[in-house]
Amino acid sequence: MPDVVKPDMPQGCDVVVLLSGTGGNLQAMIDSFKDNSSPARIRAVISNRADAYGLERARNAGIETRVLDHTAYEGREAFDTALIELIDTFAPKLVVLAGFMRILTPGFVRHYHGRLLNIHPSLLPLYKGLHTHQRVLEAGDTLHGCSVHFVTEELDGGPLVVQAVISVELHDTPATLAQRVHTQEHLIYPLAIRWFAEGRLALIEQGASLNGQLLGPSGHVIQAT
Ligand code: GRF
């Protein structure tokens, strides 16, 4: 007898996570999805660095891990081709970048069009790239935060899904800002993945859509102040 799938039955959404570092965001996803209240399931964690602590977090949670060392490949194209091949053995519906310190080739980004998310520690489009907390302080900004976005060929530039906004206090340092931003990251990344897994979030021609409505240029905004 073939399995009968009722149309209203939530389908599982296998997710592959790519990381290079400590995996704080991965841990937040593990914790958020462990009660099975979301169809999101972390199918595998892949790192380009064998010493990434995120791999240990994955193993502790019983999640499959793989290491693909970029230094063993001649150039970005060759590495990204091998990475696609590895990711696709897990047949994920969604791929999430969680501190994956590699610039991806256009071919990679196109392959996962509409099913590739990233998190960035700033209120994009402000402060693309590195050292965002330091740059916010140097500019004297009063607001800061983090952003989840669909990945497109423009670095840190795809349609925004959700942003959390915090206020910058007089006594803040890059370290205190990083801490408060990370707390928000750990809320909004699982939230965005949950929306995607539930079929509520999609990339459409005009941008990111949530519950069938086109999101504004900043995505769904959460004031965490
Ligand atoms: C986070 O700040 C994220 O915004 C950026 O990389 C960092 C990863 O941190 N893309 P973690 O490894 O998830 O703790």
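Preceding block: the structure.
Residues numbered from 1 in each chain as written. Predicted model: local features only at pLDDT ≥ 70, side-chain atom pairs only at ≥ 80, totals over all residues. Heavy atoms only, no water.

### Observations regarding the overall build of the protein chain
Part 1: Looking only at helices and strands, the protein chain has six helices and eleven strands in total.
Part 2: A compact globule built from 225 residues should have a C-alpha radius of gyration of about 17 Å, and the protein chain, at 18 Å, falls within 12% of that.
Part 3: By its C-alpha atoms, the protein chain is 65 × 45 × 35 Å across when sized along the principal axes.
Part 4: Sorting the 225 residues of the protein chain into buried and exposed places 47% on the buried side. (Helix = DSSP H or I, 4+ residues; strand = E, 2+ residues; numbered from the N terminus. Rg over C-alpha atoms; globule rule 2.2 N^0.38 Å. Buried < 20%, exposed > 50% of the residue type's maximum accessible area, 1.4 Å probe, protein only.)

### Some details on the side chain of arginine 194
Part 1: For arginine 194, the position within the fold is in helix H6 (residues 174–197).
Part 2: Nearest to the buried, unbridged arginine 194 among oppositely charged side chains is glutamate 198, at 4.8 Å.
Part 3: A polar contact of 3.1 Å, which involves the side chain of arginine 194, links it to the side chain of serine 37.
Part 4: If we skip the residues at most four places from it in the chain, arginine 194 touches Ser32, Phe33, Ser37 and Ser38. (Lys, Arg positive; Asp, Glu negative; His and termini not counted. Salt bridge = Lys/Arg side-chain N within 4 Å of Asp/Glu carboxyl O. Polar contact = N/O pair within 3.5 Å; in protein donor to acceptor, adjacent residues only side chain to side chain. Contact = heavy atoms within 4.5 Å.)

### Some thoughts on the site of the ligand
Part 1: In the vicinity of the ligand, the contacting residues are Thr22, Gly23, Gly24, Asn25, Gly99, Ile119, His120, Pro121, His182 and Glu185.
Part 2: The contact in question runs from an oxygen atom of the ligand to an N or O atom on the backbone of glycine 23, over 2.8 Å.
Part 3: Within the backbone of glycine 24, a nitrogen or oxygen atom sits 2.8 Å from an oxygen atom of the ligand.
Part 4: In isolation the ligand offers 370 Å² of accessible surface; the protein chains occlude 82% of this area.
Part 5: Elements supplying a minimum of two residues to the shell around the ligand: helix H1 (24–33), strand S5 (116–120) and H6.
Part 6: In terms of residue class, the shell around the ligand is made up of two nonpolar, seven polar and one charged.
Part 7: For the shell around the ligand, the domains that each give at least three residues are domain 1 (11–112) and domain 2 (118–225). (Near = heavy atom within 4 Å. Areas by Shrake-Rupley, 256 points an atom, 1.4 Å probe, with all protein chains shown as cover. Nonpolar A, V, L, I, M, F, W, Y, C, P; charged D, E, K, R; others polar. Domains from an automatic or database assignment.)

### Describing the pattern of salt bridges
Side chains that differ in sign of charge can pair as their charged atoms come close.
Part 1: In the structure shown here, the tally under the stated rule is nine salt bridges.
Part 2: Taking the shortest distance from any N to any O, the salt bridge between arginine 43 and glutamate 64 comes out at 3.1 Å. In this pair, arginine 43 sits in strand S2 (residues 40–47) while glutamate 64 sits in strand S3 (residues 64–67), placing the two residues 21 residues apart along the sequence.
Part 3: Arginine 43 gets classed as partly exposed once you look at its relative accessible area, which sits at 24%.
Part 4: Among the residues examined, glutamate 64 registers a relative accessible area of 33% and is labelled partly exposed.
Part 5: For arginine 49, the salt bridge identified is with aspartate 51, shortest N-O distance 3.0 Å.

### Brief notes about the layout of surface pockets
Part 1: Space inside the largest pocket adds up to approximately 1000 Å³.
Part 2: In this structure, the largest pocket is lined by 40 residues; those nearest its centre are Gly99, Phe100, Met101, Ile119 and Leu130.
Part 3: Counting residues per element, the ones that place at least two in the lining of the largest pocket are H1, helix H4 (106–111), S5, helix H5 (132–139) and H6.
Part 4: With five residues, H6 is the single largest residue contributor to the lining of the largest pocket.
Part 5: Residues of the lining of the largest pocket, tallied by class, amount to 15 nonpolar, 19 polar and six charged.
Part 6: Inspection of the lining of the largest pocket shows a minimum of three residues originating in each of domain 1 (11–112) and domain 2 (118–225).
Part 7: Of the volumes computed, that of the second largest pocket is approximately 200 Å³.
Part 8: Along the wall of the second largest pocket there are 13 residues; nearest its centre are Phe33, Arg41, Ile42, Ala61 and Ile63. (1 Å grid on protein atoms, 1.4 Å probe; cavity = no way out; pocket = protein on both sides within 12 Å on 5 of 7 lines; lining within 4 Å. Points joined across faces, edges and corners; volume = space filled by probe spheres on them.)

Without other data, these values stay purely geometric and don't point to any function.
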